[in-house]
Protein chains: 2
Amino acid sequence: MVQRVREVLIFLFLALFAKANGSEKPNHWGRSESVRLPPPPPPLTQEENASYCLSWRLAVEANNVRAWRTVPVQCLRYVETYMIGGQYEKDVALIVDQILSYAGGIVVSGDGLDAWVFDVDDTCISNVFYYKGKRYGCDPYDPSGFRAWAIRGGCPAVPGMLDLFNKLVDMGFKIFLVTGRDEENLGQPTIDNLHNQGFQTYERLILRTAAYKGQSAVTYKSDIRNQLVKQGYRIWGNVGDQWSDLQGECLGNRTFKLPNPMYFVP
Amino acid sequence: MVQRVREVLIFLFLALFAKANGSEKPNHWGRSESVRLPPPPPPLTQEENASYCLSWRLAVEANNVRAWRTVPVQCLRYVETYMIGGQYEKDVALIVDQILSYAGGIVVSGDGLDAWVFDVDDTCISNVFYYKGKRYGCDPYDPSGFRAWAIRGGCPAVPGMLDLFNKLVDMGFKIFLVTGRDEENLGQPTIDNLHNQGFQTYERLILRTAAYKGQSAVTYKSDIRNQLVKQGYRIWGNVGDQWSDLQGECLGNRTFKLPNPMYFVP
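Quantities reported herein were computed from a predicted structural model and do not represent experimental measurements.

**Student:** Please clarify how the packing of helix 2 (residues 46-61) of chain A against helix 4 (residues 87-104) of chain B should be interpreted in this entry.
**Tutor:** To describe two helices that pack against each other, one gives the angle between their axes and the distance between the axes. Across the interface, helix 2 of chain A lies against helix 4 of chain B with an axial gap of 9 Å and an inter-helix angle of 55 degrees. Our classification of the angle between helix 2 of chain A and helix 4 of chain B gives oblique. Handedness of the crossing formed by helix 2 of chain A with helix 4 of chain B: right-handed. Contacts from Ser51, Tyr52, Leu54, Ser55, Trp56, Leu58 and Ala59 of chain A of helix 2 of chain A reach helix 4 of chain B at Gln87, Lys90, Asp91 and Leu94 of chain B.

Take a look at the structure:
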């Protein structure tokens, strides 16, 4: 209600301002006439705004909106509420249930080659606290800021993911973590962060080496998965928060897209 | 509020019922002891239910939930509200904007081979009124019921899609409609329905012939797209409400997933 009143006041202020700005300028025939700026459209109500931001978030998750640089600024509060107000966790929990239901139907062989691939950022460990300082993605990507955050090794686990990990390992799967983080600068902090959050049962953590520098995530991750397949691994599942984790070659038998309305990795 | 009161009453009733059912049965040592059924979990509040159904809908759109037979029955009202309460139309409108933005950046050649592929059901024309009678997908798929509906040729246009069609045609694209509807029984009614809704500027309508009977949508539609590519067409975009429209071979340069929380086509 307070929000609605504020919007109405802003609208009235802008309308008055536009009126006060009615200016005199010559028309085509050299005569002067009063030209008024058109009144701005009424601002979206909170409900209309939430409705738009829900459409936007859905389109991001369905891969209809691609290569977006920043979250639409009118969705700042919406994305904040989504990420820390409970719905994000519920969305992840439902996907975890789907993963476990699918994994439970797989007959795991005894040869140790049944594999799952997981991304790291916002798949195992969360950057939501970092992105809080970046207006939940309304600010553009800041490589040095992100590096400084990642070096601290303080990302908390994405809720539910550690439990999922342990269950998959108990079922007999090998877990490969494949991340775009560069090995040279972020290798040790990433290992430390995963371990301090309890992720210790993975088979291998694969970081981006110098050889892959500058390659798109799709190209780099496809190449890594291809190597795993050549080593004999059967990739049963592939889990990531970015569509670039889930596109390209050797995708695995099923892919699972975790939600992330804060940033887009090409 | 009425809903909440009703839920509390149901909960109390169930709790009393469970208590009244405390039964006597022998334990391991042959002695009789009172065994009480555990109280059922409290029913979800309306808010919790909407939150779950939102997670479910998102997971369907992101292709995390697959091969589902029916809408979860607790999401009946949620899906109804989504489909006819305005959010569905907003979601479609945002995707249409994305399509037009992408299409506007394509340099169309003059050779008449720049193509878009569209699905028909719930992409061009809507079955929402039919699904209303099927509890918005809470009832299982009913092939003969659907056939009877489709033969009537009374599906309305999906909002915004006719306008999109005309704009793409104006830009110089050829539109191919590829549908799993069978040609023999539904050919003429489908043509009539598309025409009575204004869809008349497409290049070709391709229905499922006897040769494709029993094939999955992915296999059948891949084969059709493959033929188009062999005929020299460049498929710039591929639009459908099912992931099976957007997977397989010759997908096109970009795919767009329209929302559909009412049914799943494998």
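**Student:** Could you clarify how one ought to interpret the sheet that holds strand 6 (residues 234-240) of chain B in this entry?
**Tutor:** One key point about sheets: their strands pair by backbone hydrogen bonds, in either a parallel or an antiparallel sense. Residue and element names in this part refer to chain B. Pairing within the open sheet is parallel, and its five strands lie in the order 5-4-3-6-7. Looking at the sheet topology across the chains shown, the edges are occupied by strand 5 (204-208) and strand 7 (254-257). Recorded for the sheet is a direction-independent mean angle of 20 degrees between the axes of neighbouring strands. Bridge count between strand 4 (residues 174-182) and strand 5: four bridges; the pairing is parallel. In the sheet register, phenylalanine 176 faces strand 5, and the bridge partner there is arginine 204. Along the sheet face, helix 8 (residues 183-196) touches strand 4 and strand 5 and points at about 135 degrees away from the line of strand 4. Sheet contacts for helix 9 (residues 217-230): strand 3 (114-118), strand 4, strand 5 and strand 6; angle to strand 4, the most-contacted strand, approximately 150 degrees.

**Student:** Explain the sheet that holds strand 5 (residues 204-208) of chain A to me, please; I cannot follow it from the model alone.
**Tutor:** All names here are of chain A. Read across the sheet, five strands follow the order 5-4-3-6-7 without closing on themselves; strand pairing throughout is parallel. The strands lining the two open edges of the sheet, one partner per strand, are strand 5 and strand 7 (254-257). When the angles between neighbouring strand axes are averaged without regard to direction, this sheet yields 20 degrees. In the sheet, strand 3 (residues 114-118) pairs with strand 6 (residues 234-240) via five bridges, with the strands oriented parallel. Counterpart to aspartate 114 in the pairing with strand 6 is arginine 234. Along the sheet face, helix 8 (residues 183-196) touches strand 4 (174-182) and strand 5 and points at about 135 degrees away from the line of strand 4.

**Student:** Before we go on, may I ask you to explain the relation of the copies chain B and chain A in this structure?
**Tutor:** A rotation about some axis, followed by a shift along it, carries one copy of the chain onto the other. Mapping chain B onto chain A calls for a screw motion: a turn of 180 degrees about the axis and a shift of 0.0 Å along it, with 0.1 Å RMSD after fitting. Expressed as a symmetry operation, the mapping of one chain copy onto the other fits a two-fold axis. The position closest to the rotation axis in chain B is occupied by the C-alpha of alanine 62 of chain B, lying 2.3 Å away. The overlap is high: 100% of the interface residues of chain B also sit at the interface in chain A, so the same surface is used on both sides.

**Student:** Just to check I follow, could you spell out the pairing of strand 3 of chain A for this structure?
**Tutor:** Both faces of the sheet carry side chains from a regular strand, because those side chains alternate between them. Of all the five residues making up strand 3 of chain A, five are buried; the element is thus mostly covered by neighbouring parts of the structure. Of the two faces of strand 3 of chain A, the one holding Asp114, Trp116 and Phe118 of chain A and the one holding Ala115 and Val117 of chain A are both buried throughout.

**Student:** I'm lost on the pattern of salt bridges in this one. Help?
**Tutor:** Pairing between side chains of opposite charge can happen when the charged atoms of each approach one another. All names here are of chain A. Evaluated as defined, the whole model comprises 24 salt bridges over all chains. The salt bridge involving glutamate 80 is made with arginine 77; its shortest N-O contact spans 2.7 Å. Residue glutamate 80 and its partner arginine 77 are both found in helix 3 (residues 76-84); the two are separated by three residues, about one turn of the helix. For aspartate 142, the salt bridge identified is with lysine 134, shortest N-O distance 2.7 Å. When its relative accessible area of 21% is taken as the criterion, aspartate 142 is described as partly exposed. Looking at lysine 134, the relative accessible area reads 18%, which means it is buried.

**Student:** What am I meant to see in helix 2 (residues 46-61) of chain B here?
**Tutor:** What sets the pattern is the α-helix's 3.6 residues per turn: residues three or four places apart point alike. Look at helix 2 of chain B: 22 Å from first C-alpha to last across 16 residues, which is about the 22 Å you get at 1.5 Å a residue. Every buried residue of helix 2 of chain B is listed here: Asn49, Ser51, Cys53, Leu54, Ser55, Trp56, Arg57, Leu58, Ala59, Val60 and Glu61 of chain B. The elements touched by buried residues of helix 2 of chain B are helix 2, helix 3 and helix 4 (87-104) of chain A together with helix 3 (76-84), helix 4 and strand 7 of chain B. Asparagine 63 of chain B lies just past helix 2 of chain B and shows a positive phi near 65 degrees.

**Student:** Got a minute to help me understand the side chain of arginine 225 of chain B in this structure?
**Tutor:** Residue and element names in this part refer to chain B. Along the chain, arginine 225 falls in helix 9. Among buried Asp, Glu, Lys and Arg side chains, arginine 225 stands out as unpaired, with aspartate 245 the closest opposite charge at 6.5 Å. Reaching out from arginine 225, the side chain makes a polar contact with the backbone oxygen of cysteine 250 at a distance of 3.0 Å. In this structure, arginine 225 is in contact with Val117, Ile235, Asn238, Asp245, Gln247, Gly248, Glu249, Cys250 and Leu251, ignoring residues within four places of it in sequence.

**Student:** Teacher, can you tell me more about the state of the cysteines here?
**Tutor:** Covalent bonding between the sulfur atoms of two cysteines defines a disulfide. Residues and elements named next belong to chain A. In the structure shown here, the tally under the stated rule is two disulfides over all chains. Each sulfur of the disulfide joining cysteine 53 and cysteine 75 lies 2.1 Å from the other. Judged by the torsion about the S-S bond (-90 degrees), the cysteine 53/cysteine 75 disulfide is left-handed. Here cysteine 75 lies in the loop between helix 2 and helix 3 and cysteine 53 lies in helix 2, a separation of 22 residues in the sequence. The pair cysteine 53 / cysteine 75 is uniform in exposure class, with both members buried. Note on cysteine 155: no disulfide assigned, nearest cysteine sulfur contributed by cysteine 124 at a separation of 11 Å. Judged by relative accessible area, cysteine 155 falls into the buried class, the value being 0%.

**Student:** I tried to follow the packing of aromatic side chains on my own but got confused; where do I start?
**Tutor:** How two aromatic rings sit relative to each other is given by the distance of their centres and the angle of their planes. In total, this model carries 33 aromatic pairs over all chains according to the counting rule given. Between tyrosine 130 of chain A and phenylalanine 146 of chain A, the aromatic rings sit 5.5 Å apart at their centres with planes inclined by 80 degrees, giving edge-to-face as the arrangement. One end of the pair, tyrosine 130 of chain A, is in helix 5 (residues 128-132); the other, phenylalanine 146 of chain A, is in helix 6 (residues 143-152), and 16 residues separate them in sequence. There is no split in this pair, since tyrosine 130 of chain A and phenylalanine 146 of chain A are both buried. An angle of 20 degrees between the planes, with centres 6.1 Å apart, marks the rings of tryptophan 116 of chain B and phenylalanine 256 of chain B as stacked. Separated by 140 residues along the polypeptide, tryptophan 116 of chain B in strand 3 and phenylalanine 256 of chain B in strand 7 bring together distant segments of the chain. Assigned by exposure class, tryptophan 116 of chain B and phenylalanine 256 of chain B land together as buried. In textbook terms, an aromatic cluster arises when at least three aromatic residues are bridged by ring pairs, as seen for Tyr102, Trp116, Phe118, Phe165, Phe173, Phe199 and Phe256 of chain A.

**Student:** So what exactly am I meant to see when it comes to the interface of chain B and chain A here?
**Tutor:** The accessible area lost on association of the parts is a frequent measure of interface size. Contacts between the two partners involve 27 residues from chain B and, on the opposite side, 27 residues from chain A. Carbon and sulfur atoms make up 55% of the surface buried where chain B meets chain A, a total of about 2,300 Å² over both sides. The largest contributions to the chain B side of the interface with chain A come from Leu58, Asn64 and Leu94 of chain B, which together make up 28% of the buried area. Taken together, the connections running from chain B to chain A amount to zero salt bridges. Linking chain B with chain A are 14 residue pairs in polar contact (both at pLDDT 80 or more). Counting only elements with at least two residues in the side of chain B that touches chain A, the list comes to helix 2, helix 4 and strand 7 of chain B. Among the elements that line the side of chain B that touches chain A, the one with the most residues is helix 2 of chain B, at nine residues. The residue makeup of the side of chain B that touches chain A, split by class, is 13 nonpolar, seven polar and seven charged.

The rules we used
Residues numbered from 1 in each chain as written. Chains lettered and ligands numbered in written order. Predicted model: local features only at pLDDT ≥ 70, side-chain atom pairs only at ≥ 80, totals over all residues. Heavy atoms only, no water. Axes fitted to C-alpha atoms, helices over the stretch in contact; angles between N-to-C directions. Helix = DSSP H or I, 4+ residues; strand = E, 2+ residues; numbered from the N terminus. Parallel < 35°, antiparallel > 145°, perpendicular 65-115°, else oblique. Left-handed = near helix turned anticlockwise from the far one by under 90°. Contact = heavy atoms within 4.5 Å. Pairing = 2+ DSSP bridges. Least-squares fit on C-alpha atoms with pLDDT ≥ 70 in both. Buried < 20%, exposed > 50% of the residue type's maximum accessible area, 1.4 Å probe, protein only. Salt bridge = Lys/Arg side-chain N within 4 Å of Asp/Glu carboxyl O. Expected span 1.5 Å × (residues − 1). Lys, Arg positive; Asp, Glu negative; His and termini not counted. Polar contact = N/O pair within 3.5 Å; in protein donor to acceptor, adjacent residues only side chain to side chain. Disulfide = S-S within 2.5 Å. Phe/Tyr/Trp six-rings, centres within 6.5 Å; stacked < 30°, edge-to-face > 60°. Buried area = accessible area lost by both parts, 1.4 Å probe. Nonpolar A, V, L, I, M, F, W, Y, C, P; charged D, E, K, R; others polar.

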